[in-house]
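Structural description and commentary
This is what each chain is made of:
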Amino acid sequence: VAITTRLLVSHLSGIRHYEKDITKVKEEKEKANRALKLTKPYQDKEQKEKEGKGIEKTDSVKPRKEHEGEVKSRNSKPGRRDKEFEQEEYYLKEKFESVIESLKIFKNDPLFFKPGDQFLYSTYGFTLLSAVVERVSGQKFTDYMLKMFRDLDMLSTVLDDNEAMIYNRARCYVYNKKGRLVNAPYVDNSYKWAGGGFLSSVGDLLKFGNALLYSYQAGQFKNTNGKLLPGYLRPDTVAMMWTPVPKTEVSWDRDGKYAMAWAVVEKKQQCGCCRQQRHYASHTGGAVGASSVLLILPEELDSEAIDTGLVAPPRGVIVSIICNMQSVSLNSTALKIAREFDKEKWAQ
C-alpha cells in the first residue's frame, strides 16, 4: 500500500494508535457511533421546537447523551474515566536517540485498515511524519522544530526532556485508583516528539495561533500599500489545513471533522432562525498528567474592512488552555470562552 503525508496528517493512514487490538478499536468506534446516533432524534426535535418559536439558536444543542468520553467527563473526576491512558505505551521510559529509531515500536505491526478508508487517530502516524521531516530536511526533527519555534518567537516551547533544567516547568498530576491526587509517573516522550513531546505555555500557543490566523487572513486584505508583511505560511496552505477531509470524524467536537492536523467546524446555517455554526479550528492535547486545547475562531471580515485596509490581520479570537491534570475535557470550555469574547466584540 501507499501512505502519503496527507493521509498521515489526517489520521487516515491505518497505522495503529496505542491500542494494538483491532477488535477493541472497532468496538469503541461502534460504541461511539451508537452514542452519536442516540443524540440525533433529540437534536432534531429540539431544533424544530426552536424553529417553531422563532428563536435563533447560536450555541450547540446539548444532547441527552453525548460522546461517551464527554458523558464521563461530567460524571466523574478528571483522570478517572479515560481508558486510553490504561495503554502501556503511554508510559514508555526508553530514550530514543532519533525519531527514525523510535519507528521500531510499530513499524512491523499490521495496518488496521487500507490507507484512506477509515479515520483512526494515531500518535504513531505523527511519529512517522516526523521521520519524513527528518529525512527531507536533512536535520534532526527536534532541531528543525526548535528553529521554527524561534522564528515564531515561541521561546518557552521546548522538548519535554526529563534531564534538562527547564525554567518554570510545572508538575503534572493524575488521580490514582483510589481517587486521590498523585504526581504523574515518569515517562520519556522521545518516541513521540511530534505527537506530544513538547512543553509550551499559553502565551506561546497564542503566538502560534496568531501566526496561523495572520497567514490565513493576509491574502484577503487589499490596498495595504505593501505595508502588510507576508504570513509565516501561505494563505492557501492554511486554508487547505483547515478544510475538512472526507471520511474523518472528531470525538471531542460533534460538529467537527478532521482536516490536516486540526479539527475544523465549517460555517453553516440550514435555515432561518436555526442554529448558526461558525467556522473555527481547534485541537486538544492529552498526555500523562496534562491536558490542553488551542482554538482559533477567525473573525468574519466584511468587504469594506478588507478593501479599505482600515484593519489588519490577525482578526478573531484565540483561546489557549493548558492544565497540569490528566484527562480534562477542554474543547467545549474553549469554545464558550471564544464565543463570549466574539459576542462582546460585536456588541461594541
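A quick note: this is a predicted structure, and the numbers were derived from the prediction, not measured.

The next subject is the packing of aromatic side chains. With the rule as written, the count across this model stands at 11 aromatic pairs. With 6.0 Å between their ring centres and 80° between their planes, Trp242 and Trp262 make a pair best called edge-to-face. In this pair, Trp242 is assigned in the loop between α9 (235-241) and β5 (257-258) and Trp262 in the loop between β5 and β6 (263-265), connecting sequence segments 20 residues apart. Here the two residues Trp242 and Trp262 agree in accessibility, since each one is buried. Connected via pairs of aromatic rings, a cluster forms that spans Tyr18, Phe85, Tyr90, Tyr91, Phe106, Tyr124 and Tyr191.

Grouped together as the largest cluster of nonpolar side chains are 42 residues, with contacts concentrated most on Tyr124, Leu212, Trp242, Trp262 and Ile296. The residues touching Trp242, leaving out its near neighbours within four places in the chain, are Leu212, Leu213, Tyr216, Ala259, Trp262, Val264, His279, Ala281, Ile296 and Pro298.

Topologically, His279 is positioned in the loop between β6 and β7 (280-287). For His279, a relative accessible area of 18% translates into the label buried. Side chain to side chain, His279 and Tyr216 meet in a polar contact 3.5 Å long. In this structure the side chain of His279 is engaged in a polar contact, spanning 3.1 Å, whose partner is the backbone oxygen of Val265. Apart from the residues lying within four places of it in its own chain, the contact partners of His279 are Tyr216, Trp242, Val265, Glu266, Lys267, Leu297 and Pro298.

Helix length check: helix α5 (residues 123-137), at 15 residues, gives a terminal C-alpha distance of 21 Å against a target of 21 Å (1.5 Å per residue), a fit within 8%. Among all positions of α5, only Thr123, Tyr124, Gly125, Phe126, Thr127, Leu129, Ser130, Ala131 and Glu134 are buried. Against the buried residues of α5 lie α1 (5-9), α4 (99-102), α6 (141-151) and α7 (193-196). Looking one or two places after α5, you find Gly138, whose phi comes out positive at around 75°.

Here the focus is unusual backbone geometry. Pro314 follows Pro313 through a cis peptide bond whose omega is 0°. Here Pro314 shows up in the loop between α10 (303-308) and β9 (316-323). Phi angles above zero are rare outside glycine, and Asn168 is one such case at about 65°. Relative to the elements of secondary structure, Asn168 occurs in the loop between β1 (158-159) and β2 (173-175). Under the relative-accessibility criterion, Asn168 is labelled exposed at 65%. The backbone of Lys247 shows a phi angle near 70°, a positive value even though the residue is not glycine. Assignment of secondary structure puts Lys247 in the loop between α9 and β5.

Glancing now at the pairing of β7. Relative to β7, β6 is paired through three bridges, and the arrangement is antiparallel. Its bridge partner being in β7, Val264 is matched across the sheet by Ala281. The pairing of β7 with strand β8 (residues 290-298) spans seven bridges and is antiparallel. Counterpart to Ala287 in the pairing with β8 is Ala290. Two successive antiparallel strands, β7 and β8, enclose a turn made up of two residues, where Gly289 displays a positive phi of approximately 90°.

Thresholds, definitions, all that
Residues numbered from 1 in each chain as written. Predicted model: local features only at pLDDT ≥ 70, side-chain atom pairs only at ≥ 80, totals over all residues. Heavy atoms only, no water. Phe/Tyr/Trp six-rings, centres within 6.5 Å; stacked < 30°, edge-to-face > 60°. Helix = DSSP H or I, 4+ residues; strand = E, 2+ residues; numbered from the N terminus. Buried < 20%, exposed > 50% of the residue type's maximum accessible area, 1.4 Å probe, protein only. Core = buried A, V, L, I, M, F, W, Y, C linked by side-chain atoms within 4.5 Å. Contact = heavy atoms within 4.5 Å. Polar contact = N/O pair within 3.5 Å; in protein donor to acceptor, adjacent residues only side chain to side chain. Expected span 1.5 Å × (residues − 1). Pairing = 2+ DSSP bridges.

The analysis is restricted to geometry; functional conclusions fall outside its scope.
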